[in-house]
Amino acid sequence: MSLKKIVIDPITRIEGHLRIEVEVDDDNVVRDAWASGQLFRGIEIILKDRDPRDAGLLAGRMCGVCTNSHFRGAVTCVEDAYGLEIPKNAEIIRNLMAMALFIQDHVVHFYHLHSLDYVDVTSALTADPKMTSKEAHKYHENPYRNSHSHYEETLKKLDNFVKSGKLGPFANGYWGHKTYKLSAEQNLLLISHYLEALKFQTKVSKAVAIFGAKTPHPQTLVVGGITSVADMLNPQRLNEYLFIMKEAHEFVQRAYLPDAKLLALAYRDEIKAGVGRANGNYMSAGGYSFEDERKLFCDGVIHNHDFANVQDFDASKITEEVDRAWYEGNQFEFEVKYTDLNSDGSLKTEKNDDKYSWIKAPRYDKQPMETGPLARILISYSKKNPLIISFVDEFLEETNLELIDLCTAVGRNAARAIESSYICEYIFKLVSELLQNVKYYDTDTWKQYSFDALQSEAQGKAFLEVPRGTLSHFVNIKGTKIENYSVIAPTTWNATPKNFDGLRGAYEEALVGLKIEDRSKPLEVLRVIHSFDPCLACAVHVIDTKGKELGKYKISSLK
């Protein structure tokens, strides 16, 4: 049996940096896989010796997509170090910003970064607008913008793209690939929502900016609370936020969730075959509390798809190794150690100690974990969280699927859509809680403190659930300056290299056993990796295009 490598670099549709190598046999079945982050993350170095109060503004620049998540992670981390408890209103407003970001991020991922792995654009050109309208009614009783004229208009836009020779967002696809399964009408339906989602995501971004001053890179989060008190007390601003989120709720319920059902039904065979299933280890730190003790997401850990045995999340069990990453040292202190690629440009992966990624190897109790919407759904549902049970049950019933079926490439998309649906419900409960506080004259948004009076040495941590999964920030403060800083982003968990133990991370494990129809068009690999919503910008940052040595670095984490 001969083995051949297929290289996809970059594999993501946004910001790049992720390289995937798969080794296939004579039958085009993947026997092994390597996920490699191709640029270096230097955020720890940038933050060193800075004022802790500036950590949020700097960490938020780690990524142009996840800005609010890292901003909040850094601010929360510093608050934990100093033992600062922020006012309830500040927590609610931070959550309102986060929830709007969840919705915006999930919709953008599905339609603009992933849907074209399943939607054949050229097939849509032959669709019948009237039949498309009938098709939409199979997935919702009142489909989003469902009219013959709307689909005719969408067809004209597609036709103009083709005639101009400039496909724009639809360029460079594997159109006509044998594994596309949607009918012409189903393709047209999803493309119409693709175009509508372009307008949708700008509106939801405005909702984040109402309390964040702008997005990306919000400005209103500060150590001790938030500064957007005037927006909280302004009925017009609150109504504007509510109006945007009501529109978002309509789109999620009448377009996004139905499209996830359509995809699940069309690719039922792949779901049942377990295509894209990883190692079955899932992790969530939980969070977003309201009404006293109730939480939107439960914390927990699942091993080997054992949904009946969900363990409590224990941050002390997290370690980070570098045996197969371009560093050396122990889990508390790393030095950069880049090793060149092979002469043919391939990664050095032949030996068990070859290094092949800038991404470190986080482990929970020595095991690689998958994190993200799927992990949150599985853990919260298995722990019988009353906030989400009905949403999951309804989806599974309407698609005739089981919980294990969500643990696939198509299933991850379903989990993301289900999560968006119940987050929309949660948002309105949060706004109601905020209005009640203001009504009874609770307008505090910042915990007053004296920085000079705080201890000069402190350690802090923050664990947040963000759109792509579990995000953790760690800070060590000495002499009122940041001594060292560390971040483990969701993609770091999912894209981890193998490490000394040889255990594959979620990306790599999900690819093994995958059957590829055409080696020159490895669409199946894209589907699996894109289902995780990769964001390598959170893990990689500094590059010199001329290949010169920029400097020598040492990265210290918390002991």
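As the structure is a computational prediction, the values presented were derived from the model and not from experiment. (Residues numbered from 1 in each chain as written. Predicted model: local features only at pLDDT ≥ 70, side-chain atom pairs only at ≥ 80, totals over all residues. Heavy atoms only, no water.)

(A) Region of the structure containing the confidence of the model for the protein. Looking at the protein as a whole, its pLDDT mean stands at 90, while 94% of the residues score no less than 70. Low confidence marks residues 541-559, where pLDDT is under 50. Its contacts with residues over four positions away, or in another chain, come to 46 contacts. (pLDDT = per-residue confidence, 0-100. Contact = heavy atoms within 4.5 Å.)

(B) Broad picture of the sheet that holds strand β3 (residues 30-37). If you trace the three strands from one edge of the open sheet to the other, you get β1-β2-β3, paired in antiparallel fashion. Two strands lie at the open edges of the sheet, namely β1 (4-8) and β3, each paired on one side alone. Averaged over all neighbouring strand pairs, the angle between strand axes comes to 15°, with direction disregarded. Relative to strand β2 (residues 18-24), β1 is paired through five bridges, and the arrangement is antiparallel. What sits directly across from V7, in β2, is E21. (Pairing = 2+ DSSP bridges. Helix = DSSP H or I, 4+ residues; strand = E, 2+ residues; numbered from the N terminus. Axes fitted to C-alpha atoms, helices over the stretch in contact; angles between N-to-C directions.)

(C) Just unusual backbone geometry, in detail. For the bond from D9 to P10, the omega torsion is 0°, close enough to zero to count as cis. Within the element layout of this structure, P10 appears in the loop between β1 and β2. A cis amide bond links T215 with the next residue in sequence, P216, at an omega value of 0°. Tracing the backbone shows P216 in the loop between α8 (184-212) and β4 (221-222). Even without being a glycine, N28 presents a positive backbone phi close to 65°. In this structure, N28 sits in the loop between β2 and β3. Residue classification places N28 among the buried residues on the basis of a relative accessible area of 13%. Unusually for a residue other than glycine, Y288 sits at a positive phi of about 65°. Residue Y288 is classed as buried on the basis of its relative accessible area of 10%. (Buried < 20%, exposed > 50% of the residue type's maximum accessible area, 1.4 Å probe, protein only.)

(D) Seen up close, the environment of A207. Mapping A207 onto the fold places it in helix α8. Once the C-alpha coordinates of A207 and E509 are considered, the two residues, 302 residues apart in sequence, prove to be 37 Å apart. Discounting residues that sit within four places of it in the chain, A207 has contacts with A100, Y241, I244 and M245.

(E) The arrangement of the sheet that holds strand β14 (residues 458-466) in detail. The antiparallel open sheet is built from three strands, whose spatial order is β14-β15-β16. Edge positions in the open sheet fall to β14 and β16 (481-488), since each of these has one partner strand only. Each neighbouring strand pair of the sheet contributes to a mean axis angle of 15°, computed without reference to strand direction. Bridge count between strand β15 (residues 469-478) and β16: seven bridges; the pairing is antiparallel.

(F) Representation of the packing of helix α4 (residues 88-114) against helix α14 (residues 409-439) in the model. Across the interface, α4 lies against α14 with an axial gap of 9 Å and an inter-helix angle of 155°. Of the possible angle classes, the one that applies to α4 and α14 is roughly antiparallel. The element α4 and its partner α14 pack so that their crossing is left-handed. Classifying every residue of the contact of α4 with α14 gives 15 nonpolar, eight polar and four charged. (Parallel < 35°, antiparallel > 145°, perpendicular 65-115°, else oblique. Left-handed = near helix turned anticlockwise from the far one by under 90°. Nonpolar A, V, L, I, M, F, W, Y, C, P; charged D, E, K, R; others polar.)

(G) The arrangement of the packing of aromatic side chains in detail. The final tally for this structure, using the stated rule, is 24 aromatic pairs. On the basis of an interplanar angle of 50° and a centroid distance of 5.9 Å, the ring pair of F391 and Y422 is categorised as tilted. Here F391 is found in helix α13 (residues 389-399), whereas its partner Y422 is found in helix α14, with 31 residues between them in sequence. Since its relative accessible area comes to 2%, Y422 is described here as buried. Plain terms: the ring middles of W446 and Y449 are 5.6 Å apart, the flat faces sit at 45° to each other, and that makes the pair tilted. Note on W446: relative accessible area 40%, which makes it partly exposed. Of the aromatic side chains, those joined through ring pairs into one cluster are F110, Y111, Y144, F200, F251 and Y256. The ring of F532 has R412 sitting right over it, with the charged end atom 3.8 Å from the ring centre. (Phe/Tyr/Trp six-rings, centres within 6.5 Å; stacked < 30°, edge-to-face > 60°. Lys NZ or Arg CZ within 6 Å of the ring centre and 35° of its normal.)

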